[in-house]
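# Observations on the three-dimensional arrangement
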Amino acid sequence: MMGESGVATTPERAQSKRRYATGDANLDAKIAELVEASGAQRHAELITQIIVTGLLLARDNASRLDVKIINAALKEMRYAFKIFAPYRHVQKATVFGSARTLPGHPDYEQARTFGERIAEKGWMVVTGAGPGSMEAANAGAGAARSFGVNIRLPFEAEPNPFIAEDPKLINFKYFFTRKLMFIKEAEAFVLLPGGFGTMDEAFELLTLTQTGKSDIHPIVLLDPPGGTFWKDWMRFVGSDLLRHGYISEPDLNLFKLTDDVDEAVEEVTGFYRNYHSMRYVHDRLVLRLRRFPDEQALAKLAEEFSDIVLSSSLVAAEPSKAEVADEDALDLQRLAMSFDRTHFGRLRALIDRLNEL
């Protein structure tokens, strides 16, 4: 059986596309009435599915802990989405780094300078709201151009004074919901030196990007001037990961290492010089661009990236029905390709070439 994307569909997968419901006709009708009475005309089907999931939990006799986790996570996400929503049109850079660096430390000053410079470009910063490099980035950007995504811990959990009283401070119980906001709400990621948390965030970002579970974004590993933290990390990546074949050479395209703030800012802003965003439409990847390549440039790109473009086709495309329904960047040009969905380091290289045109 073939799905809309042309991928083989098993009977189980086909069944999973059927209407999601409790299976009790009377109960499903009451849910439909409730959703209609709530006035939830937009996304009514998805709201219905959320209610159905809650009722199915009861039917499953789920443990209290399981229900508490789902309940708390859903409430945290709803509130965070509400706070971010008015600022969705503003580009944001998430800044990670140690909570233990003090004012005057090179890491702190580098984070502060980056926050200041990126805010001057019209961007906002998102941090973990804590002290150290997070505080520094908020201080540099200023409260008006800052978000704080705080985690409640028995230590290192007090929000820094630059975001503490701001309505754009959001407190989380769970790391996984907090991490979702860090990644979902940002167009770029900058990592200063840090400990286990920063390493976790760095490798998660790279894993999500390498596997295509996140769109490609600029990822900058930012040392202080003359610093060696990320250079030492890079030596490990080269000697232990790359040399043994755990990653491949193009994967190194997914991030940039620098100790220069201006270079970091250029990496972030330059990534969006021509490229805007991407979206899969059935079996094709569509890149939204501000300027479309001319015929000669398009032919060269098709040849250069024939290893990842199936059938070597790079073609202009109109907005899909789904994009029109979502009013998704309809004013931009579209470059469609049959991407192999495997070599995302090479896809990053293609985006860089589009930005150079």
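Residues numbered from 1 in each chain as written. Predicted model: local features only at pLDDT ≥ 70, side-chain atom pairs only at ≥ 80, totals over all residues. Heavy atoms only, no water.

Let's shift gears to a nonpolar patch on the surface. On the surface, a nonpolar cluster with roughly 240 Å² of combined accessible area is contributed by I47, I50 and L74. Relative to the helices and strands, I47 is located in helix α3 (residues 44-59). Residue class for I47 comes out partly exposed when judged on its relative accessible area of 33%. (Patch = residues over 30% accessible without salt bridge, like charges linked within 9 Å, V, L, I, M, F, W, Y side chains within 5 Å. Areas by Shrake-Rupley, 256 points an atom, 1.4 Å probe, with all protein chains shown as cover. Salt bridge = Lys/Arg side-chain N within 4 Å of Asp/Glu carboxyl O. Helix = DSSP H or I, 4+ residues; strand = E, 2+ residues; numbered from the N terminus. Buried < 20%, exposed > 50% of the residue type's maximum accessible area, 1.4 Å probe, protein only.)

Let us now look at the sheet that holds strand β2 (residues 124-127). Strand order in the open sheet formed by 7 strands is β4-β3-β2-β1-β5-β6-β7, with parallel pairing between adjacent strands. Every interior strand has two partners, whereas the edge strands, β4 (169-172) and β7 (256-258), have only one. Between one strand axis and the next, the sheet turns through 20° on average, direction left out of account. Pairing of strand β5 (residues 188-191) with strand β6 (residues 219-222) involves 3 bridges; the strand directions are parallel. Within the sheet, the bridge partner assigned to F189 lies in β6 and is I219. On the sheet, helix α10 (residues 261-270) packs against β5, β6 and β7 and is oriented at approximately 170° with respect to β6. (Pairing = 2+ DSSP bridges. Axes fitted to C-alpha atoms, helices over the stretch in contact; angles between N-to-C directions. Contact = heavy atoms within 4.5 Å.)

The subject of this paragraph is the pairing of strand β1 (residues 92-96). Counted residue by residue, β1 has 5 buried out of 5 residues, so it is predominantly covered. Residues K92, T94 and F96 line one face of β1 and the alternating positions A93 and V95 line the opposite face, and both faces are buried. Here 3 bridges tie β1 to β2, and the two strands are oriented parallel to one another. Counterpart to A93 in the pairing with β2 is V125. Between the parallel elements β1 and β2, the chain passes through helix α5 (residues 106-120) in a crossover that is right-handed. (Right-handed = clockwise from strand over helix to strand, strands pointing away.)

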